[in-house]
Amino acid sequence: MSIITNLTRMWLTRSFRPFIFKNESEGQLPFSDCDNLGLYVHIPFCKTICNFCPYCKVRYSEELCNRYIDALLQEIHLAGSQHSGKKKTTSLYFGGGTPALAADRIKEIIDAIREHFIITEGIGVELHPDNVKPSVLQILKDAGVTKISIGIQSFQEKFRSVLGRSNIDILALKEALSAVSFETVSMDFIFALPAQTFDDLKADIDAAFRIGANHIAIYPFIDFSFTASKVAPMPKKEKRRLLDAITHYCMDKGYTRNSIWTFSSEKNSNYSSMTRDNFLGFGCSATTLLKDRFQINTFSVEEYCNRVEGGKFPTSLTIRFSLRQRMVYYLFWTAYSTKVDADDFEKFFGIPLKDMYGVELSIAKLLGFIIEENGIYRMTLKGAFYYHYYENFYTLAYIDKMWGIMRKEAFPEKIVL
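Residues numbered from 1 in each chain as written. Predicted model: local features only at pLDDT ≥ 70, side-chain atom pairs only at ≥ 80, totals over all residues. Heavy atoms only, no water.

Colleague: Go over the sheet that holds strand E20 (residues 376–379), please, and point to the residues and values.
Modeller: Pairing in this open sheet of three strands is antiparallel, and the strands run E18-E20-E19 from one edge to the other. Edge strands, defined here as strands with exactly one partner in the open sheet, are strand E18 (339–341) and strand E19 (370–373). Across the sheet, the mean angle from the axis of one strand to that of its neighbour is 20 degrees, orientation sign disregarded. Alignment of E19 against E20, held across four bridges, turns out to be antiparallel. Considered in E20, the bridge of Glu372 is made with Tyr377. Where helix H11 (residues 342–349) meets the sheet, its contacts fall on E18 and E20, and the angle it forms with E18 comes to roughly 55 degrees. (Pairing = 2+ DSSP bridges. Helix = DSSP H or I, 4+ residues; strand = E, 2+ residues; numbered from the N terminus. Axes fitted to C-alpha atoms, helices over the stretch in contact; angles between N-to-C directions. Contact = heavy atoms within 4.5 Å.)

Right under this line is the structure:
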């Protein structure tokens, strides 16, 4: 895996230089001139720890959670005060962990953010199915939340037992969603589980739209080395057949494909915190992407609180991009939406896309990965699969290594990828 990602990195960046993350923080976040800026807040607390989940999380404690939220508010004001006036941003997303465990303080966090930022495209919160209750949903809606994403993973007991998740009361879920409405109700599912079939996924998707979802995400199962999961990955050919089949099914039903593995039944329903040119992340493990750098906060809740309470940013690692590295990052995550607009690329970098990657685009077209129309490059089904397939390599070669180290060290000196 590392050979494939290393060769790809060297080719696309035209350099042997690896990605080097260093333990440094300037105390400044130069986001004032960043367009298409998104916001993300991480709430790491969970009542139980799922064996397959790779994200930064700790067991819930009311005392620790309140201390953490207090520090989170400090970090928001520390960053926001660096910009004069209110900065326009696209969106705000809360992830975790289980953000609903801090539902009674979500409004406090949103109000703090609104002191410094204008949110133009809505506010989203991830939810565990157990938290989808009218009382919790109403608290979130009153706080200003417009989108929710429910981590279903699967409605079927045979897969939920494999993932270590409890069963879902579908009727109670439907009643709660009927009682409190949101602009987007997204449901997340995992595909490529052992022995999972098209009929299994189809049944989950049909159930989701039937009980109140207007958006779904079908994420591939990724076997992170540091999780306790014993689920075996699905073979490549079988995975491609399954992804192609469920994609055709969703598109034949008239659903809009919003990204590599998300579909919506309504035109304006969407849920994605990933396709942003730039973003600011608040909370432990949250990441920040700016024009010249990528930063990641410490994974330690204790050290996060200590650092912020001391009036400092909780940055653990920073990479200073070369121009080509930043272009690769831009293209990789923009392509997640299944298209890349050459005009947007040129606006962001001041250089035509074809001047930088004309050869690669021509090869991708010859291989049937993309089609081009009026300067917009769109992925074919074949291209979407191979994007997903490569993303798996990228995740295991880069993210798995970085997160594995950061789970053990609050502030590593350096990581070379």
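Don't stop here, the text continues.
Colleague: Go over the nonpolar core with me, naming the residues and quoting the values.
Modeller: Ranked by size, the top nonpolar core spans 126 residues in total, and within it Ile43, Tyr68, Leu72, Phe94, Ile109, Phe155 and Met187 carry the most contacts. Looking at this core element by element, the count peaks at ten residues for helix H13 (residues 381–406). Not counting chain neighbours up to four residues away, the residues in contact with Ile109 comprise Val41, Ile43, Ile69, Leu72, Leu73, Ile76 and Phe94. If you look at the next biggest cluster of nonpolar residues, it comprises nine residues, including Cys50, Phe52, Cys53 and Phe159. (Core = buried A, V, L, I, M, F, W, Y, C linked by side-chain atoms within 4.5 Å. Buried < 20%, exposed > 50% of the residue type's maximum accessible area, 1.4 Å probe, protein only.)

Colleague: Run through the side chain of Thr318, naming residues and quoting values.
Modeller: Within the secondary structure layout, Thr318 lies in strand E17 (residues 315–320). With relative accessibility at 1%, the residue Thr318 sits in the buried group. Within polar-contact distance, the side chain of Thr318 engages the backbone oxygen of Glu24 at 2.9 Å. Beyond its immediate sequence surroundings of up to four residues, Thr318 is in contact with Ile20, Phe21, Lys22, Glu24, Arg293, Phe294 and Gln295. (Polar contact = N/O pair within 3.5 Å; in protein donor to acceptor, adjacent residues only side chain to side chain.)

Colleague: Can you tell me about the packing of aromatic side chains, naming the residues and giving the values?
Modeller: Scanning all chains against the criterion turns up 28 aromatic pairs. Note on Tyr55 and Trp403: the rings are 5.6 Å apart at their centroids and 55 degrees apart in plane angle, and the pair reads as tilted. One end of the pair, Tyr55, is in the loop between strand E3 (45–46) and strand E4 (58–59); the other, Trp403, is in helix H13, and 348 residues separate them in sequence. Between Tyr219 and Trp261, the ring centres sit 6.2 Å apart and the planes meet at 70 degrees, which makes this aromatic pair edge-to-face. On the criterion of sequence distance, the pair formed by Tyr219 in strand E11 (residues 215–220) and Trp261 in the loop between strand E12 (256–259) and strand E13 (262–264) is long-range, its members being 42 residues apart. A relative accessible area of 28% means that Tyr219 is categorised as partly exposed. The class for Trp261 is buried, based on a relative accessible area of 4%. The ring of Phe411 has Arg307 sitting right over it, with the charged end atom 4.1 Å from the ring centre. Just above the ring of Tyr357 sits the side chain of Arg324; from NZ or CZ to the centre is 4.9 Å. (Phe/Tyr/Trp six-rings, centres within 6.5 Å; stacked < 30°, edge-to-face > 60°. Lys NZ or Arg CZ within 6 Å of the ring centre and 35° of its normal.)

Colleague: Kindly report on the packing of helix H2 (residues 62–80) against helix H3 (residues 103–114), identifying the contributing residues and their values.
Modeller: Helix-helix packing is described using two parameters, namely the angle between the two axes and the distance between the axes. Direction vectors running N to C along H2 and H3 enclose 10 degrees, while the axes themselves pass 9 Å from each other. Accordingly, the angle class assigned to the pair H2 and H3 is roughly parallel. Only Arg105, Glu108, Ile109, Ala112 and Ile113 of H3 make contact with H2, whose side of the interface consists of Asn66, Ile69, Asp70, Leu72, Leu73, Ile76 and His77. Along the lines of polarity and charge, the residues of the contact of H2 with H3 split into seven nonpolar, two polar and three charged. (Parallel < 35°, antiparallel > 145°, perpendicular 65-115°, else oblique. Nonpolar A, V, L, I, M, F, W, Y, C, P; charged D, E, K, R; others polar.)

Colleague: Tell me about unusual backbone geometry, and please be specific about residues and values.
Modeller: A cis geometry characterises the amide bond from Gly96 onward to Gly97, with omega recorded as 15 degrees. With respect to the helices and strands, the residue Gly97 is situated in the loop between strand E6 (92–96) and H3. With phi around 70 degrees, Gln153 is a residue other than glycine that occupies positive phi space. Among the structural elements, Gln153 can be located in strand E9 (residues 147–153). Positive phi, normally seen in glycine, also occurs at Ser285, with a value near 70 degrees. Locating Ser285 in the fold gives a position in the loop between strand E14 (278–282) and strand E15 (287–289). For Ser285, a relative accessible area of 12% corresponds to the buried category.

Colleague: Just give me the short version of H3, but keep the residues and values in it.
Modeller: With twelve residues, H3 should cover 16 Å at 1.5 Å per step; its first-to-last C-alpha distance of 17 Å lies within 8% of that length. Buried within H3 are the following residues: Ala103, Arg105, Ile106, Ile109, Ile110, Ala112 and Ile113. All buried residues of H3 fall inside an arc of 160 degrees around its axis, so they share one side. Contacts made by the buried residues of H3 are with strand E2 (37–43), H2, E6, strand E7 (117–119), strand E8 (123–127) and helix H4 (134–143). (Expected span 1.5 Å × (residues − 1). Arc of directions from axis to C-beta.)

Colleague: Quick rundown of empty space enclosed by the protein? Include the residues and the values.
Modeller: In total, this model carries one cavity of 30 Å³ or more according to the counting rule given. In this model, the largest cavity occupies a volume close to 70 Å³. Every element with two or more residues in the lining of the largest cavity is listed here: H2, E14 and strand E16 (293–297). (1 Å grid on protein atoms, 1.4 Å probe; cavity = no way out; pocket = protein on both sides within 12 Å on 5 of 7 lines; lining within 4 Å. Points joined across faces, edges and corners; volume = space filled by probe spheres on them.)

Colleague: Please provide a residue-by-residue account of the pattern of salt bridges, values included.
Modeller: With the rule as written, the count across this model stands at 14 salt bridges. With a shortest N-O distance of 3.0 Å, Glu108 and Arg105 are connected by a salt bridge. Here Glu108 and its partner Arg105 are both found in helix H3, three residues apart, which amounts to about one turn of the helix. Given the relative accessible area of 36%, Glu108 is considered partly exposed. Classification of Arg105 as buried rests on a relative accessible area of 11%. For Asp244, the salt bridge is made with Arg240, and the minimal N-O distance between the two is 3.5 Å. Of this pair, Asp244 and Arg240 both sit in helix H8 (residues 236–252), four residues apart, roughly one helical turn. Using a relative accessible area of 17% as the deciding quantity, one classes Asp244 as buried. (Salt bridge = Lys/Arg side-chain N within 4 Å of Asp/Glu carboxyl O.)

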